[in-house]
Amino acid sequence: MRIGVRWLAWIVATVAGLVLLGQPVGAQNQLVMSLAAMLAMLVLWVFFDGPRARFVFLALGSMVVLRYVLWRVTNTLPSPGDPVGFGFGLVLLLGELYCVFILFVSLIINADPLRRPPPPLAAAADLPEVDVFVPTYNEDESILAMTLAAARQMDYPADKLIVWLLDDGGTDQKCADADPAKAAAARQRRIDLQRLCGDLGCHYLTRDRNEHAKAGNLNNGLAHARGDVVVVFDADHVPFRSFLTETVGHFAQDPRLFLVQTPHAFLNPDPVERNLRTFDRMPSENEMFYSVTQRGLDKWNGSFFCGSAALLRRTALDEAGGFSGITITEDCETAFELHSRGWTSVYVDKPLIAGLQPDTLTDFIGQRSRWCQGMFQILMLKNPLFQKGLEPIQKVAYLSSMTFWFFPVPRLIFMFAPLLHIFFDLKIFVASVDESIAYTATYIVINLMLQNYVYGKFRWPFVSELYEYIQGLFLAKAIVSVIASPRKPTFNVTNKGATLDHDHLSALAGPFVAVYLLLLAGCGVAAYRYLFEPGVTNLMLVVGLWTFFNLITAGAALGVCAERKVTERTPSLVVDRQGALTLGGRVTDVTVERVSAEACTVRLNAAFLAPGMGLKPLPGSLSVVPVPGARRAGPLSVTLLGVERTRDEAICRLGFGALSTQDYVALSGLMYGEADAMRRFQLRRRRHKDLFTGTLQFVWWGLVEPVRALRYAFLPKPVPAPAAEAPAATQTRPSESPRLGLRPPDSNFDQFGTAPGSAGPGPAGSGPTAPGPAPIRPAPAAATANAHEAGAGDWVRLMLEFENERRLSGGRADRRKSVAS
């Protein structure tokens, strides 16, 4: 009864509010109302906090948005007597209504994101048996070695943990390929990975044919595994030691729980972050989804499987017939099926894995095209509105996640619509300047305030528009292809670790240059017509400013197309681990402060180092104190590459050289022993960017980045160095150079680079396999040392600046660390 009265009160209040909002008022009164709402929202933003203030803030903003929508629908369309103008005007209106729909759905989902407490710790005897699946297709052996070694070292009873490498690159189908070279490569890959799994204590599994892509590979794993819980890690997603202790306990609390999803954390930049140099100071694009949206979905039991870094209950998968494979996004499709069967999900908002993102714009667009097509496939083949078993709010949640990928269409509409008025004098938006200010301008500001309020720590102003425009030029075609044939798209593996050894324009730059020139011409024509053409109204000024904003966006996108070279092959992670360094027969305690798959940096007492030490490579070994509960691993062979003395301390750079299989056990324990290292890195980037400074930053990119793109367009193409011939058994394709570890957050310089040509063996070899553990990635110490000479000074300078900032910040740093932990 009480619930019914409450719902009735909400319905009456909503209807009354809509009637009030529908009352006609003049442009001046509308402007006063909107400004008053802005002022009230600012007061709430600055002086109040908590759920009630948050809801009032969102309600005030929604009121202005609804007033704009009502005015836009009833007063701004051209007359039907002008069919061309009316048609284009209707298209523009539909694009705006889509954006308003996405805005309101996102506000509903994210109004009060859920933050779950950690699960209770269970006794070892009560823990479920866990199968870890690492599906692979063409990833380099060194990448797999790091992931498998870290998975084996997760904090969990060894007798209840089995790690499976599911190899789709060594299937019977591939080993019998009609191309002899491809068949030999597949057979050699199978031999190499079987040996790797044997050395690390993992299970190697392949299958007859490559059917149903990743979903088929995972289902083949299910046919052989027998654990109660299945964990899925992508081949380049390395888990931290605490992954299972932070997650598996949720299954004991809910017998209908089928999924525990954790965030995908990346510490190598995507093309936008690298080319605009925002990686160390701006939250990553995916953080808004994983830190806000997934938590919002979790409140409504709508958090879904993201393909990796997740745990799934075996009985639930068996009930659904395994991982779904009708679409190319098997992850969301599987969650969709299980949610509709009454199963529940949990989202743990703590980064517990470290992965790699696509390096090039081409690979980035390819990855997003697959996501876009897959979500549209689910929308068309299994529309959530008609899916039985889903709660109404779950339908809204899935609908929001799927319809979001329609953004390329309205984004392109907004980009080109003003040009119709500038070039052809089409009136597709009928309004005076006063009405445009009272309704449109205030709506835009309110919209920006709502987004900045909800996502401010996770997304800078206008960055979403930039990402959407960059993807929109290519994803529009992907949408059309899915609509034309929903079952046609096929799964394509995203390339990671591409080699970018020189500055250049992306191969995809052509359309971005064409759009930029078109918008530049539009701005010029608008300015000329407004200033010199008789009879042109102030509407041309409004449309010209709209086009100028589009030009700024297109200019920033040109900066993304101007791809900067990648000088570091193995991004590093800032850590805080204790160890012992042996050099020249002497031992000293050290603090490991940064580590990658190829080198690390340690801090030690300067008195330990003899004069001249560090001027030439010096061999030694590094032993690291294990985290509590972990077993001590063997020492790592290191080479002293350089020293920088600071008063009583010294910073030493140590190269690892060639790594055997067992070295990856020690290295993964060092790099991925503490998940708080990742959390600290993310918190350092979560700096709220207000609308004013965010706008200035975006305008700066739009003005200066086209100049850099122009410069890149005229750079001479580098002459490739002659490659030394290598035996067939160890020859490596350039695209398979290892990309292990995590990039440092403080620099865009080469941190731990190696000499050109030192990439390790890939899966293409066909020679005999030597018995026993062998180095996976040869990298001679002398070559590594030479590669460090040029960037050593910059690297040490940045390290010192970081250290000084940390010490000067004092209490702030301590508070950040306490929050991170």
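Provided above is the structure to which this section pertains.
A brief structural summary. Remember, predicted model here, so these are calculated numbers, not experimental data.

Criteria and thresholds
- Residues numbered from 1 in each chain as written.
- Predicted model: local features only at pLDDT ≥ 70, side-chain atom pairs only at ≥ 80, totals over all residues.
- Heavy atoms only, no water.
- Pairing = 2+ DSSP bridges.
- Helix = DSSP H or I, 4+ residues; strand = E, 2+ residues; numbered from the N terminus.
- Axes fitted to C-alpha atoms, helices over the stretch in contact; angles between N-to-C directions.
- Contact = heavy atoms within 4.5 Å.
- Parallel < 35°, antiparallel > 145°, perpendicular 65-115°, else oblique.
- Left-handed = near helix turned anticlockwise from the far one by under 90°.
- Core = buried A, V, L, I, M, F, W, Y, C linked by side-chain atoms within 4.5 Å.
- Buried < 20%, exposed > 50% of the residue type's maximum accessible area, 1.4 Å probe, protein only.
- Expected span 1.5 Å × (residues − 1).
- Nonpolar A, V, L, I, M, F, W, Y, C, P; charged D, E, K, R; others polar.

Regarding the sheet that holds strand β1 (residues 130–136)
No. 1: One open sheet holds the seven strands; their spatial order is β3-β2-β1-β4-β7-β6-β8, and the pairing between them is mixed. The open sheet has two free edges, formed respectively by β3 (203–205) and β8 (344–347), since each of these has just one partner strand. Pairwise comparison of adjacent strand axes, ignoring direction, gives a mean angle of 20 degrees for this sheet.
No. 2: Where β1 meets strand β2 (residues 161–167), seven bridges bridge the pair, whose relative direction is parallel. Bridge pairing in β2 links F133 to W164.
No. 3: Here helix α7 (residues 180–200) sits on the sheet in contact with β1, β2 and β3, set at roughly 160 degrees to β3.

A short note on the packing of helix α14 (residues 361–381) against helix α18 (residues 463–484)
No. 1: Axis separation between α14 and α18 bottoms out at 9 Å; the angle between their running directions is 45 degrees. One element, α14, and the other, α18, form an angle in the oblique class. In this structure, α14 crosses over α18, and the sense of that crossing is right-handed. Of α18, the residues touching α14 (which contributes L361, F364, I365, R368, S369, C372, Q373, F376, Q377 and M380) are Y467, I470, Q471, F474, L475, A478, I479, S481, V482 and I483.

Re the pairing of strand β15 (residues 618–624)
Each regular strand shows side chains that alternate between the opposite faces of the sheet.
No. 1: Across five bridges, the pairing between strand β12 (residues 573–583) and β15 is antiparallel. Of the residues in β15, the one forming a bridge with G579 is V624.

Regarding the sheet that holds strand β13 (residues 586–595)
No. 1: Ordered by their spatial adjacency, six strands build a closed barrel running β12-β13-β14-β17-β16-β15, and the pairing between neighbours is antiparallel. Mean inter-strand twist for the sheet, computed between neighbouring axes without regard to direction, equals 45 degrees.
No. 2: Here β13 runs beside strand β14 (residues 599–605); their pairing, made up of four bridges, is antiparallel. What sits directly across from V592, in β14, is V602.
No. 3: Where helix α21 (residues 661–671) meets the sheet, its contacts fall on β12, β13, β15 and β16 (636–646), and the angle it forms with β12 comes to roughly 130 degrees.

Looking at the nonpolar core
No. 1: Counting residues in each nonpolar core, the largest one holds 88 residues, and the members touching the most others are F323, L361 and I470.
No. 2: The leading source of residues in this core is helix α20 (residues 539–561), at eleven residues.
No. 3: Residues in contact with F323, not counting those within four places in the same chain, are A215, L218, N219, L222, V232, F305, L312, L317 and T334.
No. 4: With 80 residues, the next largest nonpolar core counts L144, V575, M613 and A677 among its residues.

So, helix α16 (residues 408–424)
Three- or four-residue spacings in an α-helix give side chains the same orientation, since the helix completes a turn every 3.6 residues.
No. 1: Between its first and last C-alpha atoms α16 spans 24 Å; for 17 residues at 1.5 Å apiece the expected length is 24 Å, and the two agree.
No. 2: Within α16, 13 of the 17 residues are buried, leaving the element largely enclosed by the surrounding structure.
No. 3: Two residues or fewer past α16, D425 is found with a positive phi of approximately 60 degrees.

Quick notes on the packing of helix α13 (residues 330–340) against helix α15 (residues 392–403)
No. 1: Two numbers describe how α13 lies on α15: the axes approach to 12 Å, and their chain directions differ by 165 degrees. Judged on the interaxial angle alone, α15 and α13 are roughly antiparallel. The interaxial crossing formed by α13 with α15 has left-handed handedness. Contact residues: C332, A335, F336 and H339 in α13; Q394, Y398 and M402 in α15.
No. 2: The residue makeup of the contact of α13 with α15, split by class, is five nonpolar, two polar and no charged.

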